[in-house]
Amino acid sequence: MSFAQQSAHHPSSSAKLPSRTHTCGALHLDQLNQQVRLCGWVAKRRDHGGLIFIDLRDRYGITQVVFEPSCPDFQWAEKLRSEFVIQVTGLVRARPEGMVNPRLSTGTIEVVAQKLNLLSEAQTPPFAIEDETDVAESVRLEYRYLDLRRPYLQRNLVTRHKMLQIVRRHLDENHFIEIETPILYKSTPEGARDFIVPSRLNPGSFYALPQSPQTLKQLLMISGMDRYFQIARCFRDEDLRADRQPEFSQIDIETSFLSEEELFPILESMIQKLWKQILNVDIATPFPRMPYHEAMSRFGSDKPDVRFGLELQDLSDIFAQSGFQVFQNALAKNSRGIAGSVRALVVHPSATSQPSEQFSRKDLDDLTKVAASYGAKGLLWIKVQEGGELQSPAAKFFTDTEKSALKSRLDLKPGSLVLIVADKNKVVFDALGALRLNLGERLGLMPKTDIQNARAQDFAFLWVTRFPLLEFDDKENRYFACHHPFTSPRPEFFDDFIGGKNLDAIEASAYDMVLNGVEVGGGSLRIYRPDVQAAMFKLLGLTEQEAEAKFGFFLQALKYGTPPHGGLAFGVDRLAALLCGVGPIRDVMAFPKTQRGHCVMSSSPSEVDHSQLQELHILTVKSKSS
RNA sequence: GGGGGAGUAGUUGAGUUGGUUACAACGUCGCCCUGUCACGGCGAAGGUCGCGGGUUCGAGUCCCGUCUCUCCCGCCA
C-alpha cells in the first residue's frame, strides 16, 4: 500500500474535532495537553530514525510536530517530504527542559502526533521556502505560488491588505463612497501610452485601459457624488522600473467644494492612521509644505528626501562675470530669455568621515558618471587644501574675488569638497539632485530604517505645492501640462492664463505628497469652468476639432453645473512598499511582471490563435527591425 | 532607444594563461541514527557552461551576434 493510498487525501473531521482546530502560529502552553488538529505544509523534516520532527508551516507560523515510534502512522511520517500538505492530530506537550526554541512563536510547545493524514504530495520545490532564500528573482517569479509561501511575501501582502482596510474605513467614516469605474474606456491623448483592447463588435475600434480614472472621477463630481474614492487599477504601457509596473493600483480620491487647506487634513489623518495602526508610529500633522521652486533649488528634486541636509548652493551670482567658458555658456539666456545656473554641493570634512582627500580619482569619476547620466556635460570639483588653497581643474579660471566669495559663501575649510554643475536649470537640478542622493548614501547621511522598530523621525512627510502649470518642450515647440490638462491654475494666475501671458511663471493648484524622497501621492484642484478647460486644450495645441473628438463628452459635461473639485491619487504599491520597508514594489504585489512586462509564470504576453485575431479584425505584421 | 551589472548541476556560487573526467556548498535520492530545530554519519545521482556562429589541434574561458533577468537615463499627462 502506497503512502497516497493509505492516506485519505481529504481532511478528517468529526463532532469532536473539526478539520483544523488551530493554526500553526497559535499554540502555546495555554493549550497544554489538549488534543489539536493542525493543517499545513511540511517545511522541514528532521528524521532521527526512532524520532521524527516535522516543522509544519501555514501562513500563521510554524509548529513542531513530533512522531514517536508509538504513533500508528510513524511509518508514513518517514515518507513525508518538503511541501507535502498534511493534517496532523495530536496532543500539545511542553518541550523538555532546554529544548525551547525562542525563534518560534510556538517554541515552548510541540505537538505529539497521534494521527497523520496526507492531503497532498509535492514535487521537490526548485528553491527552499524560507525567508533567508537567495534565489534569482526570475526563478522565484516562475514559481510565484511557491515564492508566495515565504513568510516575507506573506507578511507584505498582509500589510498591504491591512493598509487598504484602514483606508476604506477612514474614507467611509469621512463620507466618501467607493465607486467602480470601467476598465474598458476611451483612449486619451498626451500622457503615457495606452494599452488598447480591440472591440469585436466594432471592427477597427478600440477601447483603452485607463491610465487613471481621471475624467471619470471628475464626471462623478459633476454627478454630485461629492466625495468619491476607488482602489483603482491603472495601466500604462511604458518601460518598467523598480517602482513602476505596467499595471498598478491607486487610492483614487476626488472631492467637491474643498480647498487644499480642507482637503489635506483628510489625507494627512489617513496617513497618520496607517502609520499608527501598522507601524505604531505617531506621525505629526500638518505635514510641512514646500513650494516646488524651493524643493528644486534646495534639493534639486520635486520629491526631496529631507531626512538629511547637503542642500544645493546657487553660485550663479558669484560667477556672473566669470571668464570660464563653461560658466558663461550656462548663464547665457536662451532664445526664450531663460538662463541656466551654476550650482554646487559641498561636503565639509566635519560632516563626514570622508574629507576631500579621501575622494579618490575613481570616486570623482563615479560621481561624474552619475552627473553625466542626468545630462550634465561634466562635473567640476574643487578640493580645499590644508593651506586653504583651492585645487581644481578650473582653478586657473577663477579670480581672487570669485575664490574668496566662494570660500565665504560655502564656508569652505581645509578638506571641503565642492561639486559644481553649470548648465540649464533642468540639467543642474537633475544632476545635483541625483548626486545629493548618491552622496547621502555614500556618506551614510541617509538613515536606514528598521521597519520593525520604526520611529517617527524615520519618516519625513511633506507636501510639495505650487507646481508650474506648464512646461515648454523645445523639440515640439509647444507647452505641455506638467501634471495633466485638467489641473487648474492657481486663482491669482487666472488672468495671465486666459490672456496667454507669462505662461512659464503660472503656478498650478497641484500638489504631491512626498515621503523620504518617494512621491506617494499627487493631485490637484481641477479646472471646472468650460472656457478655462477649452483654453487649456487650445494652449496644449489641440484644435477645437481634436478637443471635441477626444474630450467632447467631458467639455459638454462641464457646461451642466460643475462644482469646484479636486483630489489626489496615492500609489498603493509605493505606500505598501514603504510600510513594509522594502524597495521594489514587486515585493508587495502578488503577481508582478518582469522588466520586459512578461509574466514568466504564465508566459504572457503570448501569441493568440489566428481565428481569435480574425474575430477581432486584427492583422499582425512583422516589423523590419524584429 | 541608450548605459551599467548578471546568466556554469534543482539552487547559490568558484573556475588561473585557452589544455586530462567542469568544482564546492545547500538541496535531492539510498542506508543508519530517540531530542532535533542550519540535526548528525556513510554513500550516490545530478551539467547542451543562456542560445547561435566564429577563431583554434583544442573554447565555460577569446571574438561576433542574439535572448533573458536586473539597476538606471530617456519615457512615465
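Residues numbered from 1 in each chain as written. Chains lettered and ligands numbered in written order. Predicted model: local features only at pLDDT ≥ 70, side-chain atom pairs only at ≥ 80, totals over all residues. Heavy atoms only, no water.

**Concerning helix 5 (residues 151-173)**
Taking 1.5 Å as the rise per residue, helix 5 with 23 residues should run 33 Å; its terminal C-alpha atoms sit 33 Å apart, in good agreement. Where helix 5 is concerned, the buried positions are Leu153, Asn156, Thr159, Arg160, Met163, Leu164, Ile166, Val167, His170 and Leu171. Where the residues of helix 5 are buried, they touch helix 3 (137-142), helix 4 (144-147), strand 9 (227-235), strand 10 (247-256), helix 7 (260-279) and helix 16 (572-580). Count one or two residues on from helix 5 and you reach His175, which has phi positive near 70°. (Helix = DSSP H or I, 4+ residues; strand = E, 2+ residues; numbered from the N terminus. Expected span 1.5 Å × (residues − 1). Buried < 20%, exposed > 50% of the residue type's maximum accessible area, 1.4 Å probe, protein only. Contact = heavy atoms within 4.5 Å.)

**Brief notes about the environment of Val42**
Positionally, Val42 belongs in strand 1 (residues 35-47). Along the backbone, Val42 and Arg57 are 15 residues apart, and their C-alpha atoms lie at a distance of 6.3 Å. Apart from the residues lying within four places of it in its own chain, the contact partners of Val42 are Ile54, Asp55, Leu56, Arg81, Ser82, Glu83, Phe84 and Ile86.

**With respect to the pattern of salt bridges**
Using the criterion set out here, one finds 43 salt bridges in the structure. Note that Glu247 is salt-bridged to Lys593, the shortest N-O span being 3.0 Å. Taken together, the residues Glu247 in strand 10 and Lys593 in the loop between helix 16 and helix 17 (610-615) connect sequence positions 346 residues apart. A salt bridge links Arg478 to Glu476, with the nearest nitrogen and oxygen atoms 3.9 Å apart. (Salt bridge = Lys/Arg side-chain N within 4 Å of Asp/Glu carboxyl O.)

**Thoughts on the packing of aromatic side chains**
Under the criterion given, the structure shown has 18 aromatic pairs. Among the aromatic residues, those joined into a ring-pair cluster are Phe319, Phe324, Phe327, Phe397 and Phe398. Over the ring of Trp381 we find Lys383, and its NZ or CZ is 5.4 Å from the ring centre. Directly above the aromatic system of Phe480 lies the positively charged group of Arg478, at a separation of 3.9 Å from the ring centroid. (Phe/Tyr/Trp six-rings, centres within 6.5 Å; stacked < 30°, edge-to-face > 60°. Lys NZ or Arg CZ within 6 Å of the ring centre and 35° of its normal.)

**Thoughts on the state of the cysteines**
Covalent bonding between the sulfur atoms of two cysteines is what defines a disulfide. All chains considered together, the criterion is met by 0 disulfides. Left without a disulfide partner, Cys24 is nearest to the cysteine sulfur of Cys39, which lies 8.1 Å away. (Disulfide = S-S within 2.5 Å.)

**Let's talk about the packing of helix 6 (residues 214-222) against helix 15 (residues 544-558)**
Helix packing for two helices is described by the angle between their axes and how far apart those axes are. Running from N to C, helix 6 and helix 15 cross one another at 25°; their axes reach a closest spacing of 10 Å. Regarding the angle of helix 6 to helix 15, the classification is roughly parallel. Crossing handedness for the pair helix 6 and helix 15: left-handed. The segment helix 6 lies against helix 15, with Thr215, Gln218, Leu219 and Ile222 engaging Phe551, Phe553, Phe554, Ala557 and Leu558. Residue composition of the contact of helix 6 with helix 15, grouped by class: 7 nonpolar, 2 polar and no charged. (Axes fitted to C-alpha atoms, helices over the stretch in contact; angles between N-to-C directions. Parallel < 35°, antiparallel > 145°, perpendicular 65-115°, else oblique. Left-handed = near helix turned anticlockwise from the far one by under 90°. Nonpolar A, V, L, I, M, F, W, Y, C, P; charged D, E, K, R; others polar.)

**Side note on unusual backbone geometry**
Omega for the bond connecting Thr285 with Pro286 falls within 30 degrees of zero, at -5°, which places this linkage in the cis form. Mapped onto the secondary structure, Pro286 falls in the loop between helix 7 and strand 11 (289-291). Residue Ser604 is joined to Pro605 through a cis peptide bond whose omega torsion reads 0°. Tracing the backbone shows Pro605 in the loop between helix 16 and helix 17. Here the phi dihedral of Asp226 falls at roughly 75°; this positive angle occurs in a residue that is not glycine. Turning to its location among the elements, Asp226 is positioned in the loop between helix 6 and strand 9. A relative accessible area of 34% means that Asp226 is categorised as partly exposed. Not every positive phi belongs to a glycine, and Asn516 is a case in point at roughly 50°.

**As for the environment of Phe551**
The topology assignment puts Phe551 in helix 15. Note on Phe551: relative accessible area 5%, which makes it buried. Remark: the alpha-carbon pair of Phe551 and Thr188, spanning 363 residues in sequence, is separated by 8.5 Å.

**Considerations on the protein's contact with RNA strand B**
Taken together, 49 residues are adjacent to RNA strand B, and Asp47, Met99, Gly191, His483 and Gln595 come closest. Within 4 Å of the protein, the contacting atoms of RNA strand B are 53% sugar and phosphate, with bases supplying the remainder. In this structure, a base nitrogen belonging to RNA strand B sits 2.7 Å away from a side-chain N or O atom of Arg95. Between RNA strand B and Pro126, the relevant distance is 2.9 Å, taken from a sugar or linking oxygen to a main-chain nitrogen or oxygen of the residue. Of all the secondary structure elements, the ones that give two or more residues to the surface near RNA strand B are strand 1 and helix 3. No other element matches strand 1, which puts 3 residues into the surface near RNA strand B. (Near = heavy atom within 4 Å. Polar contact = N/O pair within 3.5 Å; in protein donor to acceptor, adjacent residues only side chain to side chain.)

**So, the confidence of the model for chain A**
Should pLDDT be low for a region, the predicted coordinates there are not to be read in detail. Within chain A, residue pLDDT values average 93, and 96% of them lie at 70 or more. Scored as a whole, the predicted complex attains pTM 0.94, and scored at its interfaces, ipTM 0.93. (pLDDT = per-residue confidence, 0-100.)

**A word on the sheet that holds strand 16 (residues 417-423)**
Either a parallel or an antiparallel arrangement is found when strands of a sheet pair, and the pairing is made through backbone hydrogen bonds. In spatial order, the strands read 12-13-16-14-15; together these 5 strands make up an open sheet with antiparallel pairing. Edge positions in the sheet fall to strand 12 (313-314) and strand 15 (390-391), since each of these pairs with one other strand and no more. The sheet contact formed by strand 13 (residues 341-347) and strand 16 spans 7 bridges and is antiparallel. Looking at strand 16, one finds that Val347 is bridged to Leu417. Sheet contacts for helix 12 (residues 425-442): strand 13 and strand 16; angle to strand 13, the most-contacted strand, approximately 10°. (Pairing = 2+ DSSP bridges.)

**Concerning the nonpolar core**
Counting 49 residues, the largest nonpolar core has Phe359, Leu367, Leu419, Leu435 and Leu439 as the members making the most contacts within it. The element best represented in this core is helix 12, accounting for 8 residues. When near neighbours in sequence (up to four residues on either side) are disregarded, Leu435 contacts Leu345, Leu367, Val370, Ala371 and Leu379. Formed by 47 residues, the second largest nonpolar core is a distinct cluster that contains Trp463, Leu525, Ala576 and Val582. (Core = buried A, V, L, I, M, F, W, Y, C linked by side-chain atoms within 4.5 Å.)

**Considering the pairing of strand 5 (residues 109-120)**
Among the 12 residues of strand 5, 9 are classified as buried, and the element is accordingly described as predominantly covered. Here strand 3 (residues 61-67) pairs with strand 5 via 2 bridges, running parallel. Note that in strand 5 the partner of Val65 across the bridge is Val111. Where strand 4 (residues 85-94) and strand 5 come together, 10 bridges link them in antiparallel fashion.

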